[in-house]
Amino acid sequence: PLPVGRGMLTIGTLNTIPIEPLQMPKICLAGRIPPQNAILALEDNRCTNKHKMWPDFHNGVAAGLRLPFAKEGGKRLTRTWIVCNKPKPPPPPTPAQASQTPPTPDPDHTYGGFLFALGLRGHLSALDKTDIVDYINKGPVT
């Protein structure tokens, strides 16, 4: 389903505070064309990050909206859990790649949407000021 619809249908449905990282579903790049119901799939190599920026952001928002509101039941997400859900940095370049110009890392729009959803659900207050400074200073997050 589309991220916006999934966000509306699943808001607040994750009953327990997760211990494992939150799974972000992949976006389906295929659709059906009526009346034959033929499937039209967008090739992943033809879809650049520029084209997937907003869908990825909304996908992260929809995933984060599943979490309960911070005030319901008094349960809050911990700072550790929020920081551990941060995407892993790309692996270091191999010696052959090191001689080339290093590519700039693409911003993780899904994680940016996830942070937005955490703010909407009242969980961002768990972060320290140093965490916020790290988000601002170390690389792009949407």
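Below you will find a few notes about this structure. (Residues numbered from 1 in each chain as written. Predicted model: local features only at pLDDT ≥ 70, side-chain atom pairs only at ≥ 80, totals over all residues. Heavy atoms only, no water.)

1. Details of the pattern of salt bridges
One pass over the full model with this rule turns up two salt bridges. Residues Arg79 and Asp128 are paired through a salt bridge, measuring 3.3 Å at the closest nitrogen-oxygen approach. Of this pair, Arg79 sits in helix H3 (residues 79-84) while Asp128 sits in the loop between helix H5 (109-120) and helix H6 (129-137), and the two are 49 residues apart along the sequence. The salt bridge involving Arg79 is made with Asp131; its shortest N-O contact spans 2.7 Å. Taken together, the residues span a long stretch of sequence, with Arg79 in helix H3 and Asp131 in helix H6 at a distance of 52 residues. Look at Arg79 and you get partly exposed, because its relative accessible area is 31%. Each of the salt bridges in this network shares a partner with another, and the network as a whole consists of Arg79, Asp128 and Asp131. (Salt bridge = Lys/Arg side-chain N within 4 Å of Asp/Glu carboxyl O. Helix = DSSP H or I, 4+ residues; strand = E, 2+ residues; numbered from the N terminus. Buried < 20%, exposed > 50% of the residue type's maximum accessible area, 1.4 Å probe, protein only.)

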